[in-house]
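Report on the structure
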Amino acid sequence: MQRSRRAAIAACMFLAIAASPGVSLAQTADELYASGVKARQAQHFDEAADLLKRALALKPGNADVLVQLGFAELGRNDLPAAREAFSGALSLAPAYQDASFGLAEVEFRSGNLDAALPLAESVVRAEPGNADAAALVETIRKAKQAAAGSKVKPAPAAAVPAKKAPPRRADPVAGLMQQGRRLRAAGKLPEAEQAYRRALRLAPKNTDILVALGLVVGSGQRFDVAGHFFDRALAIDPGLLDARLGKVRLAIWQGDLPRARALADEALASAPDNVEVLNLDARIALLEADYRRAEQSFQRAFAVDPRNAEALVGIGDVRRAEGDDAAARLAYRQALAIVPGSADIEQRLAVPPPRKWRLDIGTEMSDLSDGLGDWTDSSAGLAYRLSPATTISGRSRVATRYGHTDVQVEGRIDQAFSPAFSAYALAAATPDADFLARYSIGAGASWQVMAPARQFGPVSLNIDARYDDFANAGVTTISPWVQGYILDGRLGLSARWVHAEDDIGTRADGYVLRADLVVTPRFNLFGGYADAPEISDGTLVPTRTVFGGLSWDVSDPLTLRASLAHEQRPTFDRTIFGLGLTARF
């Protein structure tokens, strides 16, 4: 009977889902985005596309991710995929000039000159100092003229040919600038830099070249060199707005939002009605989660240029970030009236409403040594996202030990106060408890102290605190821990200290070490070791544990998980099999 029961349990592992909360440290959308951008900049276009698609699965309405994905697809020369990505970004943010520029490049490469020209021209109107966009407009116009000239019928044989004017010599600087722009759009940053440097040797005081070089080397994470080029441009023209905005972007790339904000404020003081400045100010505000300021800047841009669809799209993006999908769609429709047929705006409108519900189901089966039998522990939880910053959830837990069963209910609220700081609080109760806590209260917080930078991912400091009241004792547990990422966010490492103390003064301390590895964009592994006290029926039990598991994103709304752990306790060993799933809807 015992063997058949265990066989049934093993079979259920392929059908059920488990893993207690906190078992997986899968990358966030921001971390995947940062890793994808780095991969694209390093010309690893296949890897970049995979990472950015994974980020998009977590944040399906993120225009920045779509734009970066579009440039990654351009690097792979997959024009249909690039068109789809840029169009999607424009549907979410019709005034997103990088997306318009990327789509113009796609149409140009595809030979659709009539579609490419208005897109490129719209970028030039919104960003008059955008040398790349201006060069693309010129290239498209020349291509259209050449195409038109090839269709002109030859003059009759009797006609006397006009004397040809000597051909104009092409401007080598303009040609190199165009070449650099194309290479940069394709993600070939070293080659683009070489083209711009050749142009700079021909025109060493050309500020457009200096700014373009600063943007290229800055995209390649060579921030000091980028700053040098921007400073050279400013030495030639101290009021050059493009160079000043380049330094704003440089601060954003370095994760220095306070400096980016200070520089953007200076630019606003000198050019308060510049659409590019206003849009950049709004982007910084979005990074700061200051949605009120972001909306105000987009509104000001729209007041300056009532035909500025980008501002309306930005307003829609703010509404979507605030969780008001209906208002976001209204802004997108208004933008579509300005730019009829915009694939980008239409894709934004086609994005389904965000999934606000999350269902977590899990079960664990424990096999005890020395013939002590089995334990089971199953849970089901439902969470609802009230807003992008607030989530409430409830969970029920059914646990069985030595023939006794306890049922526990729990409520929890999570609140993000800023992109870097969040906290939670919970309360749980177990009616007629036999071995679980009669009631529990807990709270915790997380603070991101370092943003992603180069090969290092974000670093956060965290703390969890909990009080459990049992029939025979009360236990307080405090666990500070640190978490960081390396290898472009693919490897996450965490270390936790555990301190537990009951109400009669018994204390126990320990630690938990854990590593999470992103094997593929949809498949993750984790493992670790713990030497920390476990709370069993109000008693602190010294326990050593080796654990591991995996998670698999079957689709955007569905994730499957499995885990395995082995504990060594003073009186018995325990092997735990877990399966779980998460469904979002």
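Check the entry above for the structure.
In this text the structure is predicted, and so the values were computed from the model without any measurement. (Residues numbered from 1 in each chain as written. Predicted model: local features only at pLDDT ≥ 70, side-chain atom pairs only at ≥ 80, totals over all residues. Heavy atoms only, no water.)

Attention now goes to the environment of histidine 404. In this fold, histidine 404 is placed in strand S4 (residues 404-416). In this structure, histidine 404 is in contact with Ala399, Asp434 and Phe435, ignoring residues within four places of it in sequence. (Helix = DSSP H or I, 4+ residues; strand = E, 2+ residues; numbered from the N terminus. Contact = heavy atoms within 4.5 Å.)

Time to look at the nonpolar core. Counting 61 residues, the largest nonpolar core has Phe86 and Ile140 as its most contacted members. Counting residues per element, this core draws most heavily on helix H4 (residues 63-75), at 8 residues. With residues up to four places along the chain from it excluded, the contact list for phenylalanine 86 reads Val67, Gly70, Phe71, Leu74, Asp98, Ala99, Gly102, Leu103, Val106 and Asp344. Core analysis: the second largest hydrophobic core is formed by 28 residues, Val173, Met177, Leu210 and Leu215 among them. (Core = buried A, V, L, I, M, F, W, Y, C linked by side-chain atoms within 4.5 Å. Buried < 20%, exposed > 50% of the residue type's maximum accessible area, 1.4 Å probe, protein only.)

So, on to the packing of helix H6 (residues 97-109) against helix H9 (residues 172-185). Where H6 contacts H9, the two axes come as close as 11 Å, and the packing angle between them is 105°. Judged by the inter-axis angle, H6 sits roughly perpendicular to H9. Residues Phe101, Glu105, Phe108 and Arg109 of H6 lie in contact with H9, whose contacting residues are Arg181, Arg182 and Ala185. Of the residues in the contact of H6 with H9, the class split is 3 nonpolar, no polar and 4 charged. (Axes fitted to C-alpha atoms, helices over the stretch in contact; angles between N-to-C directions. Parallel < 35°, antiparallel > 145°, perpendicular 65-115°, else oblique. Nonpolar A, V, L, I, M, F, W, Y, C, P; charged D, E, K, R; others polar.)

Below, the discussion takes up the pairing of strand S9 (residues 491-502). In terms of strand pairing, strand S8 (residues 474-486) meets S9 through 10 bridges, oriented antiparallel. The partner of valine 475 across the bridge, within S9, is aspartate 502. Across 11 bridges, the pairing between S9 and strand S10 (residues 507-520) is antiparallel. Within S10, the position partnered with valine 498 by the bridge is glycine 510. (Pairing = 2+ DSSP bridges.)

Glancing now at the packing of helix H5 (residues 79-92) against helix H19 (residues 343-350). Following both chains from N to C, one finds H5 and H19 inclined at 70°, their axes separated by 5 Å at the closest point. Regarding the angle of H5 to H19, the classification is roughly perpendicular. Contacts between H5 and H19 involve Glu84, Ala85, Phe86, Ser87, Gly88, Ala89, Leu90, Ser91 and Leu92 from the former and Ala343, Asp344, Ile345, Glu346, Gln347, Arg348 and Leu349 from the latter. Considered class by class, the residues forming the contact of H5 with H19 number 8 nonpolar, 4 polar and 4 charged.

The subject of this paragraph is the packing of aromatic side chains. Going through the model one piece at a time under the given rule, you end up with 8 aromatic pairs. Here phenylalanine 71 and phenylalanine 86 contribute two aromatic rings whose centre-to-centre distance is 4.9 Å and whose plane-to-plane angle is 75°, an arrangement assigned as edge-to-face. Of this pair, phenylalanine 71 sits in helix H4 while phenylalanine 86 sits in helix H5, and the two are 15 residues apart along the sequence. Summarising the burial analysis for this pair, phenylalanine 71 and phenylalanine 86 share the class buried. (Phe/Tyr/Trp six-rings, centres within 6.5 Å; stacked < 30°, edge-to-face > 60°.)

Moving on, we come to the environment of arginine 181. Relative to the helices and strands, arginine 181 is located in helix H9. A residue is classified by how much of its surface remains accessible, and arginine 181, at 1% relative accessible area, is buried. The sequence separation of arginine 181 and arginine 292 amounts to 111 residues, and the corresponding C-alpha distance is 35 Å. Discounting chain neighbours no more than four positions away, the residues touching arginine 181 are Phe101, Glu105, Asp132, Ala133, Ala135, Leu136, Thr139 and Tyr196. A distance of 3.0 Å separates polar atoms of two side chains, one belonging to arginine 181 and the other to glutamate 105. (Polar contact = N/O pair within 3.5 Å; in protein donor to acceptor, adjacent residues only side chain to side chain.)

Attention now moves to a nonpolar patch on the surface. A cluster of nonpolar residues, Phe417, Phe421, Trp447, Val449, Met450, Phe456, Leu461 and Val482, forms a patch on the protein surface that exposes about 740 Å² of accessible area. Ranked by residues supplied to the nonpolar patch, first place goes to strand S6 (residues 439-450) with 3 residues. Overall, the relative accessible area of 35% leaves phenylalanine 421 in the partly exposed class. (Patch = residues over 30% accessible without salt bridge, like charges linked within 9 Å, V, L, I, M, F, W, Y side chains within 5 Å. Areas by Shrake-Rupley, 256 points an atom, 1.4 Å probe, with all protein chains shown as cover. Salt bridge = Lys/Arg side-chain N within 4 Å of Asp/Glu carboxyl O.)

Let us now look at the pairing of strand S3 (residues 390-401). The sheet contact formed by strand S2 (residues 374-387) and S3 spans 11 bridges and is antiparallel. Counted as the bridge partner of alanine 383 is serine 393 from S3. What sits between S2 and S3 in their antiparallel hairpin is a turn of 2 residues. With 12 bridges connecting them, S3 and S4 associate as antiparallel partners. Bridging across to S4, threonine 400 finds its partner in threonine 405. Once S3 ends, the chain turns through 2 residues before running back antiparallel as S4, passing tyrosine 402 with a positive phi of about 50°.

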